[in-house]
Amino acid sequence: MAKLKIALYWAASCGGCEIAQLQIGDKILKLAEVADIVFWPVAIDAKYKDVEAMPEKSIDVCLFNGGIRNSEQEHLAKMLREKSKVMIAYGACASEGGIPGLANLFNRELIFQRVYLETPSTDNKDKVFPQPKYKVPEGELNIPEFYDTVRTLAQTVDVDYTIPGCPPEARTTWLALEALIEGKLPPKGTVITHNAKAVCDDCPRKRDVKKVKKFYRTFEIIPEPEICLLEQGLLCAGIATRGGCEAPCPQANMPCTGCYGPVDGVIDQGAHFLSGVSSVIDSNDPTEIDKIIAGIHDPVGIFYRYSLADSLLRRARIK
């Protein structure tokens with residue numbers, strides 16, 4: 001029986017997903033028995049031209065991590081989609097835009113101005129900005145075009161499955177790979193995890209009546225180890241986040257930040273989280289409510305930390 005052919009690619013992301021793929025541990029030996037990795041720029045010497053030469057659908061599955069920030073990433077997404085039978089959005093950046101998607105609060109001009117002119121360590125007296133094309137004596141240099149907006153993989157090509165997480169837990173990665181190896185992949189469109197319910201369903205902390213008079217940042221209090229973090233005023237996104245991760249953050253006294261994406265049936269994770277938080281504010285007095293809400297720092301980063309690019313908002317309107 002011929003071995004499966006697997007491709008992996010890293011677009012706009014931090015690289016954590018590349019490490020996460022190795023966290024399956026010795027199960028990688030089982031994977032190696034039945035599959036060959038034919039493209040993985042971070043680990044093997046395979047060129048783009050090698051992929052271009054492959055017949056259509058000759059790759060069994062592509063695990064694509066990262067959002068689409070520039071023209072090179074868009075080109076690779078479309079090429080790997082063409083060459084792959086199954087395309088998987090691996091991790092929060094591919095499926096929702098992730099942390100890079102928060103750049104959708106700005107546009108290319110504002111980002112370049114900040115990065116290439118305003119940062120304290122920048123020395124750019126001639127105000128030089130990256131150019132997609134530049135002529136030199138040897139010919140013309142081309143670099144990828146930087147887009148105004150970060151897009152998800154599914155906003156760029158057809159995606160078959162999603163493996164959530166920032167990065168995905170090893171057990172989640174293996175759940176998908178095992179299904180691939182055994183030929184038991186779920187219906188197209190499935191978000192592959194061990195639990196489609198909320199993180200709260202995985203979390204062992206005790207939950208009672210949520211009534212909050214004040215929200216705290218993580219460094220402002222030491223939470224009780226057995227009580228729901230949201231009930232203690234910490235903005236834990238577990239109520240609005242898909243489970244399956246086994247709630248490692250709440251169990252370490254840190255609020256869930258929402259990296260496993262929305263629960264089934266929810267289109268906008270940030271709006272879902274915002275609605276849940278609104279319902280626990282313990283006041284009917286407008287002045288007091290305003291004071292409680294003022295304690296929420298960086299609301300976009302809290303409610304749309306991973307999902308802005310995939311939300312109903314998508315991006316900020318820049319005048």
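The structure under discussion appears in the preceding block.
Small disclaimer: the values here were computed from a predicted structure and weren't measured. (Residues numbered from 1 in each chain as written. Predicted model: local features only at pLDDT ≥ 70, side-chain atom pairs only at ≥ 80, totals over all residues. Heavy atoms only, no water.)

(A) How the structure looks around unusual backbone geometry. The amide bond that connects C166 to the next residue, P167, takes the cis arrangement and shows omega of -10°. Tracing the chain through its elements places P167 in the loop between β9 (161-163) and α7 (170-181). Residues other than glycine seldom take positive phi values, yet D298 does so here, at roughly 50°. Of note in the backbone geometry, R314 takes a positive phi value of approximately 70° without being a glycine. Mapping R314 onto the fold places it in the segment after α11 (299-303). (Helix = DSSP H or I, 4+ residues; strand = E, 2+ residues; numbered from the N terminus.)

(B) Representation of the packing of aromatic side chains. Evaluated as defined, the whole model comprises eight aromatic pairs. Ring geometry for Y9 and F64: centres 5.3 Å apart, planes at 45°, overall tilted. With a gap of 55 residues between them, Y9 in strand β1 (residues 4-10) and F64 in strand β3 (residues 59-65) connect regions that are remote in the sequence. F64 carries the same exposure label as Y9, and that label is buried. Members of the aromatic cluster, joined through ring pairs, are Y9, F39, Y48 and F64. (Phe/Tyr/Trp six-rings, centres within 6.5 Å; stacked < 30°, edge-to-face > 60°. Buried < 20%, exposed > 50% of the residue type's maximum accessible area, 1.4 Å probe, protein only.)

(C) Fine view of the pattern of salt bridges. According to the stated counting rule, one finds 18 salt bridges in the structure shown. In this structure, K188 engages D158 in a salt bridge whose closest nitrogen and oxygen atoms are separated by 2.6 Å. Here D158 lies in the loop between β8 (146-151) and β9 and K188 lies in the loop between α7 and α8 (248-251), a separation of 30 residues in the sequence. Relative accessible area serves as the criterion here: at 43%, D158 is assigned to the partly exposed category. For R242, the salt bridge is made with D264, and the minimal N-O distance between the two is 2.7 Å. Note that R242 is positioned in the loop between α7 and α8 and D264 in the loop between α8 and α9 (269-278), a separation of 22 residues in sequence. By relative accessible area, which is 5% here, R242 ends up buried. Through salt bridges with shared partners, a single ionic network connects R81, D158, D160 and K188. (Salt bridge = Lys/Arg side-chain N within 4 Å of Asp/Glu carboxyl O.)

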